[in-house]
Amino acid sequence: MNRRLNKKHQRTLAVIFSPQVPATLQWRRIEALFMTLGATKEEGRGSVVTFKLKDKEAMFHRPHPRKEAKRYQVREAREFLEEVGITP
């Protein structure tokens, strides 16, 4: 576990890796976790955002108009974190 993570980031990480993929996790919490872990963020066109972390890159579409990440977005966030070696 990364010691820099506060309780909220630790909870976000746990939710992302929970067996049941949540439908109520706010996208901004996922972005905040990525940034705290040291990712860089590049805004694309429209809702596209690209994160780079440990020489890996992942592109996401921010959910809209809702604030909650869709289940597939949470799964993609989990896959990105696993690629860079981050798990709860």
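Right above here is the structure, for reference.
Residues numbered from 1 in each chain as written. Predicted model: local features only at pLDDT ≥ 70, side-chain atom pairs only at ≥ 80, totals over all residues. Heavy atoms only, no water.

J.: Where do I start with the nonpolar core in this structure?
T.: Note that soluble globular proteins tend to have their nonpolar side chains buried in a common cluster. If you look at the biggest cluster of nonpolar residues, it comprises 24 residues, and the most contacted ones within it are Ile 16, Ile 30, Phe 34, Phe 51, Phe 60, Phe 80 and Leu 81. Every residue in contact with Ile 30, bar those within four places of it in the chain, is listed here: Thr 12, Ile 16, Leu 25, Ala 69, Val 74 and Ala 77. (Core = buried A, V, L, I, M, F, W, Y, C linked by side-chain atoms within 4.5 Å. Buried < 20%, exposed > 50% of the residue type's maximum accessible area, 1.4 Å probe, protein only. Contact = heavy atoms within 4.5 Å.)

J.: So what exactly am I meant to see when it comes to the packing of aromatic side chains here?
T.: Aromatic ring pairs are reported here in terms of the distance separating the ring centres and the angle at which the planes meet. Summed over all chains, the structure comprises six aromatic pairs. An angle of 55° between the planes, with centres 5.4 Å apart, marks the rings of Trp 27 and Phe 60 as tilted. Remark: Phe 60 occurs in strand β3 (residues 56-61) and Trp 27 occurs in helix α2 (residues 27-36); sequence separation between them is 33 residues. Neither Trp 27 nor Phe 60 differs from the other in exposure class; each is buried. Aromatic side chains Phe 51 and Phe 60 sit 6.0 Å apart centroid to centroid with 65° between the ring planes, which places their arrangement in the edge-to-face category. Phe 60 matches Phe 51 in its accessibility class, with the two residues each being buried. Put simply, the rings of Trp 27, Phe 34, Phe 51, Phe 60 and Phe 80 touch in pairs and so form one group of aromatic residues. (Phe/Tyr/Trp six-rings, centres within 6.5 Å; stacked < 30°, edge-to-face > 60°. Helix = DSSP H or I, 4+ residues; strand = E, 2+ residues; numbered from the N terminus.)

J.: Can you help me understand the pairing of strand β2 (residues 48-53) in this one?
T.: Look at any regular strand and the pattern is simple: side chains alternate between the two faces of the sheet. Counting buried positions over the six residues of β2 gives five, a clear majority of the element. Direction of pairing for strand β1 (residues 40-43) relative to β2: antiparallel, over a ladder of four bridges. Within the sheet, the bridge partner assigned to Thr 40 lies in β2 and is Lys 52. Between β1 and β2, which follow one another and run antiparallel, lie four residues, and Gly 46 among them has a positive phi close to 65°. Note that β2 and β3 share six bridges and pair antiparallel. The residue bridging Lys 52 from the neighbouring strand is Glu 57, located in β3. The antiparallel hairpin formed by β2 and β3 contains two residues in its connecting segment, where Lys 54 sits at a positive phi of about 50°. (Pairing = 2+ DSSP bridges.)

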